[in-house]
Amino acid sequence: MPISIELILPPPSGPHVRYGIDSWESERLIFKQRSRGASFVLAVALLVIGIMGELQFGRMLWRGVIPIPFVTLIVMVLICFLILIAFYGSALLFGREQVVLDRRKGTFSTGLAMGVWVWRTRGKLSGYSKVLLDRREEPAGKGRTNTVYCISLSGESEPVLLGRAGTWESAVPIAEAAAHFLRFPIHDATQGVTRGYHELDLSLRERVASAAPAPASPPDRPADCRSEVEESPDGHLRIRVPRPATMTLARVSVVGFLFWTIPVGFLGNPLVGILPPLCTFLGWLKVRYGLSADVDLSPERLRACFKGLVFRKTVDFPIQELEEVALVRRDTNGHLDMAYEEFAGFLVARSDRASIRFGHGLSWKELEWLQRLIHQRLAEISQPDASGAQCSPRAASESSGISTDGVARIPRWHRPVFPLVGLFAGAILGNVTGGPLSISANAPFLEHILNVGTVTGLLLGLCLHPSQNPGKKPTSLHASMAWSALLLIGLYFLMDLASPAVQMGTRFDELSFLKSGDESIVLTLSVLTAGAIAHAAILSVVSGICWWVYDIFKPERSVK
């Protein structure tokens, strides 16, 4: 049964893609993201309609309100239809689009999964030769578009989408993880650059130095250059990026004030009249006075300080960790097009630890000039010092958990068997036995699983569970048990039995509530919560069994 647990490695900008090595099979890399066709409102609506319809019609059959056999058959068919609707809603709400790369078998699987596969399609990795990072403009309604960066496997076969990110710096770590795992090169279509997987661990300084010798003179300064560049005797290159000289939103604010605020103000609604131009004017203030940056490049580090209207962001990149200073075109994001329509693009400094954007409001030629200037200075300082020592490329890559030999060394999470077993065993003990373990939440359906026994079993399972963070010193068993005991003692004294939120033992009979028809709001919410989890669990189990049987009789399926 294809069950997998993945490690989440959050890139600097946090894309909506989770990826990591399978905890049971180190030769499998998993990518997960929310289904693009899944609407949260639609999923919740389908779940509520399905579950409430099942309860209402099921109660009618339970009480025997419908004595006619033909009508009873229709109601049963309708209940089955509502079950399918609830299952579909649970798949949209809890399911994730998943791509599994199996390096040992040389195959990939794509489809919808909820712990186990709901449906999937298989293919061969032999038809692919590189990881492609591409930029796409997707329609966002009313003539607007959104910029999306797509990471996919490319080659002779049909491309396989691995993930999507809203920014370039969020998409690069996903592409690098796939390239390391499959030992494929990366083709960045946005930059027009192709890098082999063995080059991904090299810093920008080493790549620039190995590409070509540093030119004797700096690149020519553009005629309309607005940046201030200063070279100090101590080897520092300081770049001051000015604020954008945009006036678009200011003009829109003036036009809105004349043709909207004044007429509406005369009609007796000054607040309604002033709000739209005021919001536009505040947007102009943010763009005009909140997008400057200072960059300081030295032989030891690159420091970039991005100054906003109120806050500032400063990032230090050690030279041995700085991986790219990329030139990225302006992103389109619906209503922000008007605010940034005069921007050509910006520069992105990126490493495995962080990323920062700067250069907003500059022309494309000036951005290219600044990029070449930074590359030239990195080539100059890449020569060995007087002692002949240079930084090892491995020092820059150990922070990401990926080594220089092209093999993905991503720390793995172990499947949490002990915490899950402890949770269920503690819940059962809390319901069956008396005493402090039976103190539970005073809520229908939830008092069976929210009790002190559950907390006790979970904490004991966590004590036996191995450390999930390899970079952190593991806690000893005695220390874990001591902290768990202190937490349980404090939890016991905090749970006052006179409080309406807790109770001793389980007192609710949910079946009697459903038969009587006297549902309260708490009971309704509990039914919906328990029903959603139950439908998702049943769908996962049924689909997992189906795929297990399918694998037995037809283990391979190719996609052309």
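Residues numbered from 1 in each chain as written. Predicted model: local features only at pLDDT ≥ 70, side-chain atom pairs only at ≥ 80, totals over all residues. Heavy atoms only, no water.

Participant: Mind showing me how you'd approach the overall build of the chain here?
Facilitator: From N to C terminus, the chain includes 14 helices and 20 strands. By residue count, 42% of the 560 residues in the chain fall in the buried class. Long-range contacts, defined here as pairs at least 24 residues apart, represent 62% of the contacts in the chain between residues at least 6 apart. Roughly 29600 Å² of accessible area belongs to the chain as shown, and the carbon and sulfur atoms make up 64% of that amount. (Helix = DSSP H or I, 4+ residues; strand = E, 2+ residues; numbered from the N terminus. Buried < 20%, exposed > 50% of the residue type's maximum accessible area, 1.4 Å probe, protein only. Contact = heavy atoms within 4.5 Å. Areas by Shrake-Rupley, 256 points an atom, 1.4 Å probe, with all protein chains shown as cover.)

Participant: How should the nonpolar core be read in this particular structure?
Facilitator: Soluble, globular proteins show a tendency: their nonpolar side chains are buried together. Counting residues in hydrophobic clusters, the biggest one holds 35 residues, and the most contacted among them are Phe31, Leu101, Val131, Ile151, Leu153, Leu162 and Trp168. The next biggest cluster of nonpolar side chains, apart from the first, holds 34 residues, and it includes Ala293, Leu367, Ile374 and Ala379. (Core = buried A, V, L, I, M, F, W, Y, C linked by side-chain atoms within 4.5 Å.)

Participant: How do you make sense of the confidence of the model for the chain when you look at a structure like this?
Facilitator: Low pLDDT means the predicted atomic positions in that stretch should not be read closely. Looking at the chain, the pLDDT average stands at 75 and 72% of residues meet or exceed 70. Element-level mean pLDDT values for the chain span from 36 in helix α9 (residues 393-397) up to 93 in strand β9 (residues 186-188). Confidence over residues 1-15 falls short of pLDDT 50; this stretch has 60 contacts with residues more than four positions distant or in other chains. Residue range residues 555-560 is modelled with pLDDT below 50. Its contacts to residues more than four positions away, or to other chains, number 14 contacts. (pLDDT = per-residue confidence, 0-100.)

Participant: How should the sheet that holds strand β13 (residues 292-297) be read in this particular structure?
Facilitator: Note on sheets: strands pair through backbone hydrogen bonds, and any given pair is parallel or antiparallel. Read across the open sheet, the five strands follow the order β11-β12-β13-β14-β15; overall the sheet is antiparallel. Every interior strand has two partners, whereas the edge strands, β11 (228-231) and β15 (312-318), have only one. Each strand axis lies, on average, 10 degrees off the axis of its neighbour in the sheet, ignoring direction. Bridging between strand β14 (residues 301-307) and β15 involves seven bridges; their strand directions are antiparallel. From the neighbouring strand, Leu302 faces β15, where its bridge partner is Phe317. (Pairing = 2+ DSSP bridges. Axes fitted to C-alpha atoms, helices over the stretch in contact; angles between N-to-C directions.)

Participant: Even after reading the chapter, I still don't get the packing of aromatic side chains, so can you show me in this structure?
Facilitator: For the coordinates displayed, the defined rule picks out three aromatic pairs. Measuring from ring centre to ring centre gives 5.5 Å for Phe281 and Trp284, while their planes differ by 35 degrees; the resulting arrangement is tilted. Here Trp284 and Phe281 lie together in helix α6 (residues 270-289), a separation of three residues that amounts to about one turn. On the basis of relative accessibility, which here comes to 11%, the residue Trp284 falls in the buried class. Ring centres of Trp284 and Tyr289 lie 5.8 Å apart, and the angle between their planes is 85 degrees; on these two criteria the pair is classed as edge-to-face. A residue is classified by how much of its surface remains accessible, and Tyr289, at 40% relative accessible area, is partly exposed. (Phe/Tyr/Trp six-rings, centres within 6.5 Å; stacked < 30°, edge-to-face > 60°.)

Participant: Hey, could you run me through the pairing of β13 in this one?
Facilitator: For a regular strand, side-chain orientation follows a simple rule: the groups alternate between the two sheet faces. Where burial is concerned, most of β13 is hidden: five out of the six residues are buried. Where strand β12 (residues 237-241) meets β13, five bridges bridge the pair, whose relative direction is antiparallel. The partner of Arg238 across the bridge, within β13, is Asp296. Pairing between β13 and β14: six bridges, direction antiparallel. Of the residues in β14, the one forming a bridge with Leu297 is Leu302. Hairpin connection from β13 to β14: three residues lie between these consecutive antiparallel strands.

Participant: What exactly am I supposed to notice about the pattern of salt bridges here?
Facilitator: Pairing of side chains with opposite charge becomes possible as their charged atoms draw close. Taken as a whole, this structure holds 17 salt bridges when the rule is applied. With a shortest N-O distance of 3.5 Å, Glu324 and Arg195 are connected by a salt bridge. Of this pair, Glu324 sits in strand β16 (residues 324-329) while Arg195 is found in strand β10 (residues 193-195), placing the two residues 129 residues apart along the sequence. The same class applies to Glu324 and to Arg195, which are both buried. Linking Arg353 and Glu321 is a salt bridge whose minimum nitrogen-to-oxygen distance equals 2.8 Å. Of this pair, Arg353 sits in the loop between β17 (345-350) and β18 (355-358) while Glu321 sits in the loop between β15 and β16, and the two are 32 residues apart along the sequence. (Salt bridge = Lys/Arg side-chain N within 4 Å of Asp/Glu carboxyl O.)

Participant: Could you clarify how one ought to interpret the sheet that holds β17 in this entry?
Facilitator: One open sheet accounts for three strands, arranged β16-β17-β18; its pairing is antiparallel. Each edge of the open sheet carries a strand with a single partner, namely β16 and β18. On average, each strand axis in the sheet is tilted by 25 degrees relative to the strand beside it, whichever way the strands run. Note that β16 and β17 share six bridges and pair antiparallel. Opposite Val328, over in β17, you have Phe346 as the bridge partner. Lying on the sheet, helix α8 (residues 364-381) is in contact with β16, β17 and β18; it crosses β16 at an angle near 170 degrees.

Participant: How should I be thinking about helix α4 (residues 204-211) in this particular structure?
Facilitator: One full turn of an α-helix is made of 3.6 residues, so residues set three or four places apart face in the same direction. Those residues of α4 that fall on the buried side of the exposure criterion are Leu204, Arg205, Arg207 and Val208. Seen along its axis, α4 keeps its buried residues to an arc of 165 degrees; they face one direction. Buried residues in α4 make contact with β10, β16 and α8. (Arc of directions from axis to C-beta.)

Participant: Help me understand unusual backbone geometry in this model?
Facilitator: Most peptide bonds take the trans form, and the phi angle of most residues other than glycine is negative. In this model, Arg183 sits at a positive phi of 60 degrees, which is unusual for a non-glycine residue. By the secondary structure assignment, Arg183 is in the loop between α3 (168-182) and β9. Judged by relative accessible area, which is 35%, Arg183 ranks as partly exposed.

Participant: For this particular structure, what's the right way to read the packing of helix α5 (residues 248-266) against α6?
Facilitator: The relative placement of two packed helices is expressed as an angle between their axes plus a distance between the axes. At their nearest, the axes of α5 and α6 sit 8 Å apart, and the two run at 175 degrees to each other. One element, α5, and the other, α6, form an angle in the roughly antiparallel class. Residue-level contacts link Leu249, Ala250, Val252, Ser253, Gly256, Phe257, Trp260, Thr261, Val264 and Gly265 of α5 to Pro270, Val272, Gly273, Ile274, Pro276, Pro277, Thr280, Phe281, Gly283 and Trp284 of α6. Along the lines of polarity and charge, the residues of the contact of α5 with α6 split into 13 nonpolar, seven polar and no charged. (Parallel < 35°, antiparallel > 145°, perpendicular 65-115°, else oblique. Nonpolar A, V, L, I, M, F, W, Y, C, P; charged D, E, K, R; others polar.)

Participant: Can you help me understand the side chain of Asp188 in this one?
Facilitator: Here Asp188 shows up in strand β9. A polar contact of 3.0 Å, which involves the side chain of Asp188, links it to the side chain of Trp168. Beyond its immediate stretch of four places on either side in the chain, Asp188 contacts Leu133, Trp168 and Val193. (Polar contact = N/O pair within 3.5 Å; in protein donor to acceptor, adjacent residues only side chain to side chain.)

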